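Spelled out from the first residue to the last, the chains are:
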Amino acid sequence: MPHRVAVVVLDHFAPLDLGVPGQVFRTAETAAGERLYEVVTCSENRGPVRCSAGYTVLPDHDLDVLDTADTVVVPGIHGGRAMKDGTISGPLRDALRGRPRTMSICTGSFVLAAAGLLDGRRATTHWREADRFRRLFPRVELDPDVLFVDDGDVLTSAGVAAGLDLCLHVIRRDFGSAVANRAARRCVMPPWREGGQAQYIDRPLPYGSGGGTAATRDWMLAHLDAPLDLNALARHARMSVRTFTRRFREETGQSPARWLNGQRVQHARHLLETTDLGVEEVARRAGFGTAVSLRQHLHAAVGVSPLAYRHTFRRT
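Just so it is clear, the model here is predicted, and its values are computed rather than measured. (Residues numbered from 1 in each chain as written. Predicted model: local features only at pLDDT ≥ 70, side-chain atom pairs only at ≥ 80, totals over all residues. Heavy atoms only, no water.)

Student: Is there a simple way to explain the overall build of the protein chain in this structure?
Tutor: Looking only at helices and strands, the protein chain has 14 helices and ten strands in total. At 21 Å, the protein chain has a C-alpha radius of gyration in line with the 20 Å of a compact globule built from 316 residues. Oriented by its inertia axes, the alpha-carbon framework of the protein chain measures out at about 60 × 45 × 35 Å. Relative to its 316 residues, the protein chain shows a buried fraction of 49%. The contacts in the protein chain between residues at least 6 apart in sequence include a share of 63% that link residues at least 24 apart. (Helix = DSSP H or I, 4+ residues; strand = E, 2+ residues; numbered from the N terminus. Rg over C-alpha atoms; globule rule 2.2 N^0.38 Å. Buried < 20%, exposed > 50% of the residue type's maximum accessible area, 1.4 Å probe, protein only. Contact = heavy atoms within 4.5 Å.)

Student: What is the right way to look at the environment of Arg295 in this model?
Tutor: Here Arg295 is to be found in helix 13 (residues 291-302). Classification of Arg295 as partly exposed rests on a relative accessible area of 40%. As a C-alpha pair, Arg295 and Asp119 span 176 residues in sequence and 30 Å in three-dimensional space.

Student: Whenever I open this one, helix 10 (residues 241-252) confuses me. Can you help?
Tutor: One turn of the α-helix equals 3.6 residues, which is why residues spaced by three or four share an orientation. Along its twelve residues, helix 10 runs 16 Å from first to last C-alpha, staying within 8% of the 16 Å computed at 1.5 Å per residue. Every buried residue of helix 10 is listed here: Phe244, Arg247, Phe248, Glu250, Glu251 and Thr252. Looking at the buried positions of helix 10, the neighbouring elements they touch are helix 8 (214-222), helix 9 (230-237) and helix 11 (256-274). Positive phi shows up at Gly253, right after helix 10, with a value of about 80°. (Expected span 1.5 Å × (residues − 1).)

Student: Explain the state of the cysteines to me, please; I cannot follow it from the model alone.
Tutor: Any covalent bond linking the sulfur atoms of two cysteines counts as a disulfide. Summed over the entire model, instances satisfying the criterion amount to zero disulfides. Its sulfur unpaired, Cys106 is 13 Å from the next cysteine sulfur, which belongs to Cys167. Exposure remark for Cys106: the relative accessible area of 8% places this residue in the buried category. Left unpaired, Cys167 is separated from the closest cysteine sulfur, that of Cys187, by 9.0 Å. According to the relative accessible area criterion, Cys167 is buried, its value standing at 0%. (Disulfide = S-S within 2.5 Å.)

By themselves, these figures tell us nothing about what the structure is for.
Next comes the structure, spelled out in structure tokens:
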């Protein structure tokens with residue numbers, strides 16, 4: 001049977017957020033074209049729900065459908081109790097607890113936090129709402145700089161586009177990179193995006209006539225297996241090391257070293273999932289040099305060794 005995703009629709013919901021799970025998960029298919037997910041919608045008492053754009057939707061189910069769901073998704077909201085005073089109704093709180101996997105898009109994290117699902121856990125939300133979130137939910141370890149947080153059975157994402165990233169991440173986690181990459185192509189979006197929310201915060205970027213670092217980032221991706229130190233990167237960008245480092249962080253929200261390490265981990269994961277290359281060769285091609293270095297970086301990123309990762313995520 002397909003993996004069932006239940007989307008909980010609440011008053012003041014963000015309309016685009018509501019459409020993301022149905023759009024992305026429904027594009028995940030086997031190589032033979034069989035759908036891997038079923039997406040259903042629900043609301044309290046199966047009642048009509050008003051969105052922030054001024055229209056109403058009528059979900060097909062009430063909250064009881066969560067009992068049959070493998071994954072529960074809460075789209076972003078632009079108002080309501082969760083954002084005002086950090087509370088939700090008792091029936092909604094009880095319905096959200098104890099699910100195999102729960103995820104939020106954008107400010108849907110307020111709902112998860114109000115249900116007590118994020119206490120003592122790392123999470124994210126839209127950067128503009130970070131201060132409000134911290135005031136309402138001081139027990140949550142908020143990280144407003146990332147696009148999404150995967151904390152195992154609870155996942156949170158930033159703004160609506162980060163919800164797309166999170167859904168693709170879940171598909172990759174469930175069925176491997178090949179399926180996720182096909183879904184990304186169907187949605188005409190990259191399989192993963194660089195950097196975090198910091199690159200989208202509204203602020204002036206002090207670029208001069210020297211341009212940005214995009215061309216150098218492309219060059220880095222084409223040479224992941226090569227030793228890439230900061231001096232070499234700055235030379236390629238035709239900037240001083242100081243200027244290059246500043247502009248790189250402004251454009252990506254990360255330092256060059258952290259961004260490069262993330263890309264190398266992603267490439268190593270792709271090779272482990274889609275090839276039979278030995279761990280030493282994967283380490284070489286990803287730019288880690290040795291299997292020991294790859295093990296350290298992969299364990300820091302996803303918590304498992306290369307062989308365990310391949311065993312878990314390899315899909316035929």
